[in-house]
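# Coordinate inspection notes
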Amino acid sequence: MKRNGVFFWVGAAVFLIAIALMTKLITNEYPFFAGYVILQFIVLAVAWSILGGHAGYVNFGTSAFFGMGVYTAVFLFKVAGAPLLVQIAAAAAVGALMGFALGLLTLRMQGIFFSIATIALTIVIETSITNWRYVGGAAGIQLQRPPVTWPFSGYVQMLFFVQAVLVVLAVVVSRYIQNSWIGRGLQALRDDELAAECTGVPTLRLKVLACVVSGALMCAAGAPAAMYLQYADPSSAFNLNYSVSTLAMSLIGGTAHWAGPIVGAILLGTTQQLLTVTISSEVNVLVLGVMLVLFVVAAPEGLIGLLRRVRDKRREGKQ
Amino acid sequence: MERRTLLGGTITAAVLGLTFGLTSAAFAQQPPIKIGMSMAQTGGLAGGGKASQLGIEVWRDDVNARGGLLGRKVELIVYDDKSSASETPAIYSKLLDVDKVDILFAPYATVPTAPLMPLVKQRGMLLMGNFSFQVNSKVGHDMWFNNAPWGPADSWASSFLDLGQKAGGKTIALLAADQEFAQNLAKTAREVATKLGMKIVFDQAYPPSTVEFSGILRALKAAKPDIVYVASYPPDSAGILRGVNEIGIGDNVKLFGGGMVGLQFGAVMENLGSLLNGVVNYNTWLPEPSMYHEGTKAFFETYTKRAVEAKVDPLGYYLAPYGYASGQMIEQAIKAVGSLDQKALAKYLRENTHKTIVGPITFAADGEWKESGVVQAQFRGIADKNMEQFRSSGKQVVLFPDKMKSGTLVTPFEAARK
């Protein structure tokens, strides 16, 4: 294994151990409530950048996948009282299928047309759920959490840990894609799809694959939200805010490297949580807007891109 | 002045000053009573949320001017929940675990409140509800008290359909937005209609983003209902009334309205003007003589002044007095119990009738009002583009309940519109 790889796996293990220790040592529940939201956005941003970053297909349908994850969990819980892990696994499967269908139907469209189609997807699914009375319909549905599973002391702590495992899973997948033939193929088609196709890159197959993986991860990230909120309603579950925030996080962090969305999600997610409990008014929406504009102007390739540029300049200076 | 007198005076002054200083320091050292809540300050519910918050703030200032509670100042800690359900669990966990608030008030509306119910139940906290609808029916928290006058779930629809039946209505048309609150209203309306033996001749839900209602209204008109029960949100309420104005609703209709949200807000009412005439709609407070209680007038004088600075609904009839009433109820409970013990406060709130600016409030076992305080009122003689007209009585005549009645129903709807 290369040195980089060792560092990565050690880092992932240390992260999970730290999260597990946190759930044991911290008695105050607030860090878990706030941390859960940040972790959830990391998974969403990493998943988004698999299609949006590597392949350059801008997906506005994050909220469709997220909401579908929420409602898969709600449905399974209502039908059979399914445990959390089953809810997440089923949501991932549903997300993969949805990604596959979306890919087949829309990936022949390019650029802005694909993006518009993904917005339509959100509306179609939200309307369907709104009219499905079994899962609460427009009125929403309240859920009672089952007892917490050993070794966790509280349900929120458990959800926090589960979401952290999803973060690691998403990052491992995204890193693998970037470093493998899939990532190279996706990058080729992002730069010039026609040229890639001519040189033998199976573009449609790769795009569908990216859609499937990205969709599965987004849906999986949404599944625990049902138990986190103990309530689900279509307008909150399919809130466009998930799409916009995820996109902003990936762009601010940088889409050229798997670490970009993580940096973006931590930065923006933490800022959002802090602003909610500090400034807490219209101003926090403004602050986020200004941040996005600043990053687009000053660092079009995101924070990772900015760091790379600074590092390259230093090297040039040394030479 | 002699030196000794001067010295004596100085010493006395110093001792007095010191004593006073110490007492006031001791008073200041008493930590404030913290009341925590989230409120929709941005997003779709912000208009209502801000007005409601101003009502609570007016109470806070009044209670502090009276010397606070238990000798302590009252402080509000408010965060913006962006009108979303996904924000409130983290905010309330911060309020409980970091800010260590003494009392919790719920956010405005049902959706942001729903995820909190299991949390407060688990933590054994009292929660003063703020205009949510049947949010405790499944959770069954015995320390929940809703400030909204909804009362039993079906009282809303039954008040309207009862009026319709008295006016000779036998058939009913339902038109409801595909959203949480409207669908809850439509559901109870169906049940009440069946109970009253009325025939539902038209039952249509429409997507919340609908702006053009002429197609739906034509179909409704063709069904020739006697009563039209509409459960809508502010943008669609305006769209529906505009549609009715353009294509009419038919001579059969005796009663139109019921559950249209938006027709309680100053800006929407000013905007719709004469289109409102004839509509019978629910409300929570109106400037009719029967609705004034002790402190109501003084509250609205303060609110009207402060609403201009705060840029919120200049009328503020719908939510603001109920925000103030939440404060009054908690004030009475704390004074009677003499502590902040949640169980004792809840017991007091459950077992007593509370005097507020919106009238006496008694709670049922589920934390909703024992008896509904929702009024049905008919708009009369409304002119275009005039906010001030809504401040005088007679513009919204109370038809239900009987004890607050300030006029009789004008039917049919087409005649009342003119």
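Residues numbered from 1 in each chain as written. Chains lettered and ligands numbered in written order. Predicted model: local features only at pLDDT ≥ 70, side-chain atom pairs only at ≥ 80, totals over all residues.

### Some points on the interface of chain B and chain A
Interfaces are often sized by the accessible area lost when the parts come together. Listed by partner, the interface residues are 27 residues for chain B and 30 residues for chain A. Those elements giving two or more residues to the side of chain B that touches chain A turn out to be β2 (74-80), α3 (88-97) and α7 (180-196) of chain B. With 6 residues, α3(B) is the single largest residue contributor to the side of chain B that touches chain A. Taken together, the residues that form the side of chain B that touches chain A break down as 12 nonpolar, 8 polar and 7 charged. (Contact = placed C-beta atoms within 7 Å. Helix = DSSP H or I, 4+ residues; strand = E, 2+ residues; numbered from the N terminus. Nonpolar A, V, L, I, M, F, W, Y, C, P; charged D, E, K, R; others polar.)

### Digging into the sheet that holds strand β10 (residues 280-283) of chain B
All names here are of chain B. An order of β7-β6-β8-β9-β10-β11-β12 is seen for the 7 strands of this open sheet, with the pairing classed as mixed. The sheet is open, and its two edges are formed by β7 (199-206) and β12 (396-400), each paired on a single side. Averaged over all pairs of adjacent strands, the angle between strand axes in this sheet comes to 25°, irrespective of strand direction. By the bridge criterion, 5 bridges tie strand β6 (residues 171-177) to strand β8 (residues 227-232) in an arrangement that is parallel. Along β8, the bridge assignment pairs Leu175 with Val230. Against the sheet, helix α6 (residues 155-166) contacts β8, β9 (255-260), β10, β11 (375-379) and β12, and its axis sits at roughly 175° relative to β9. Sheet contacts for helix α9 (residues 234-247): β6, β8 and β9; angle to β8, the most-contacted strand, approximately 145°. (Pairing = 2+ DSSP bridges. Axes fitted to C-alpha atoms, helices over the stretch in contact; angles between N-to-C directions.)

### Side note on the sheet that holds strand β5 (residues 144-146) of chain B
Residue and element names in this part refer to chain B. As summarised here, the arrangement of the 5 strands in space is β2-β1-β3-β4-β5, forming an open sheet in which the pairing is parallel. Across the chains shown, the open sheet's two edge strands, defined by having one partner strand only, are β2 and β5. Averaged over neighbouring strand pairs, the angle between their axes works out to 20° when direction is ignored. Pairing of strand β4 (residues 127-130) with β5 involves 3 bridges; the strand directions are parallel. When the sheet's bridge partners are listed, Leu127 is paired in β5 with Trp144.

### What to know about the domain arrangement of chain B
All names here are of chain B. Domain assignment breaks chain B into domain 1 (32-149 + 292-362) and domain 2 (155-283 + 380-417). Each of domain 1 and domain 2 has a C-alpha centre, and these two points are 30 Å apart. On the domain 2 side, the residues contacting the 10 residues of domain 1 number 9 residues. Looking at the side of domain 1 that touches domain 2, its residues break down into 6 nonpolar, 3 polar and 1 charged. (Domains from an automatic or database assignment.)

### Notes on α9(B)
Residues and elements named next belong to chain B. The terminal C-alpha atoms of α9 lie 20 Å apart, and with 14 residues this matches the ideal 20 Å at 1.5 Å per residue to within 8%. Buried residues of α9: Asp236, Ser237, Gly239, Ile240, Leu241, Gly243 and Val244, and no others. For α9, the secondary structure elements touched by its buried residues are β6, α8 (214-222), β8, β9 and α10 (266-272). Gly248 lies just past α9 and shows a positive phi near 75°. (Expected span 1.5 Å × (residues − 1). Buried ≥ 20, exposed ≤ 12 C-beta atoms within 10 Å, placed from the backbone.)

### So, the environment of Ala13(A)
Examined against the element boundaries, Ala13(A) turns out to sit in helix α1 (residues 3-25). Separated by 155 residues in the primary sequence, Ala13(A) and Val168(A) place their C-alpha atoms 9.0 Å from one another.

### Quick word on the pairing of β6(B)
Residue and element names in this part refer to chain B. Among the 7 residues of β6, 6 are classified as buried, and the element is accordingly described as predominantly covered. Sheet topology note: the β6/β7 ladder contains 7 bridges and is parallel. Paired with Leu174 across the bridge in β7 is Asp203. Of the crossover connections in this fold, the one passing from β6 over α7 to the parallel β7 is right-handed. (Right-handed = clockwise from strand over helix to strand, strands pointing away.)

### A closer look at helix α5 (residues 116-123) of chain B
Residues and elements named next belong to chain B. Of the positions making up α5, those classed as buried are Leu116, Met117, Pro118, Leu119 and Val120. As for α5, its buried residues are in contact with α3, β3 (103-108), α4 (110-113) and β4. Residue Gly124 follows α5 closely and has a positive phi angle near 65°.

### Points about unusual backbone geometry
Outside of glycine, negative phi angles account for most residues, and trans bonds account for most peptide bonds. Residue and element names in this part refer to chain B. Geometrically, the link from Phe400 to Pro401 is a cis peptide bond, its omega value of -5° lying close to zero. Looking at the element boundaries, Pro401 is found in the loop between β12 and α14 (413-417). Cis geometry marks the peptide bond from Thr411 to Pro412; its omega dihedral reads -15°. Summarising the element assignment, Pro412 is placed in the loop between β12 and α14. Phi is positive for Lys100, close to 50°, though the residue is something other than glycine. Locating Lys100 in the fold gives a position in the loop between α3 and β3. Classification of Lys100 as exposed rests on a count of 11 C-beta atoms within 10 Å. Of note, the phi angle at Gln134 is positive, near 50°, even though the residue is not glycine.

### A few points about the nonpolar core
Ranked by size, the top nonpolar core spans 224 residues in total, and within it Val43(A) and Cys219(A) carry the most contacts. The greatest single-element share of this core, amounting to 18 residues, is contributed by helix α9 (residues 203-229) of chain A. Both domains that meet at this core, namely domain 1 (32-149 + 292-362) and domain 2 (155-283 + 380-417) of chain B, each give it at least three residues. What Val43(A) contacts, discounting residues up to four positions off in sequence, is Leu166(A), Val167(A), Ala170(A), Leu217(A) and Ala221(A). (Core = buried A, V, L, I, M, F, W, Y, C linked by C-beta atoms within 7 Å.)

### Comments concerning the packing of α6(B) against α7(B)
All names here are of chain B. As a packed pair, α6 and α7 sit with axes 8 Å apart at the nearest point and diverge in direction by 45°. Considered as vectors, α6 and α7 are oriented oblique to each other. As for how α6 packs across α7, the hand of that crossing is right-handed. For the pair α6 and α7, the contacting residues are Trp156, Ala157, Ser158, Leu161 and Gln165 in the first and Leu185, Thr188, Ala189, Val192, Ala193 and Leu196 in the second. Each residue belonging to the contact of α6 with α7 can be placed in one class, and the counts come to 8 nonpolar, 3 polar and no charged. (Parallel < 35°, antiparallel > 145°, perpendicular 65-115°, else oblique. Left-handed = near helix turned anticlockwise from the far one by under 90°.)

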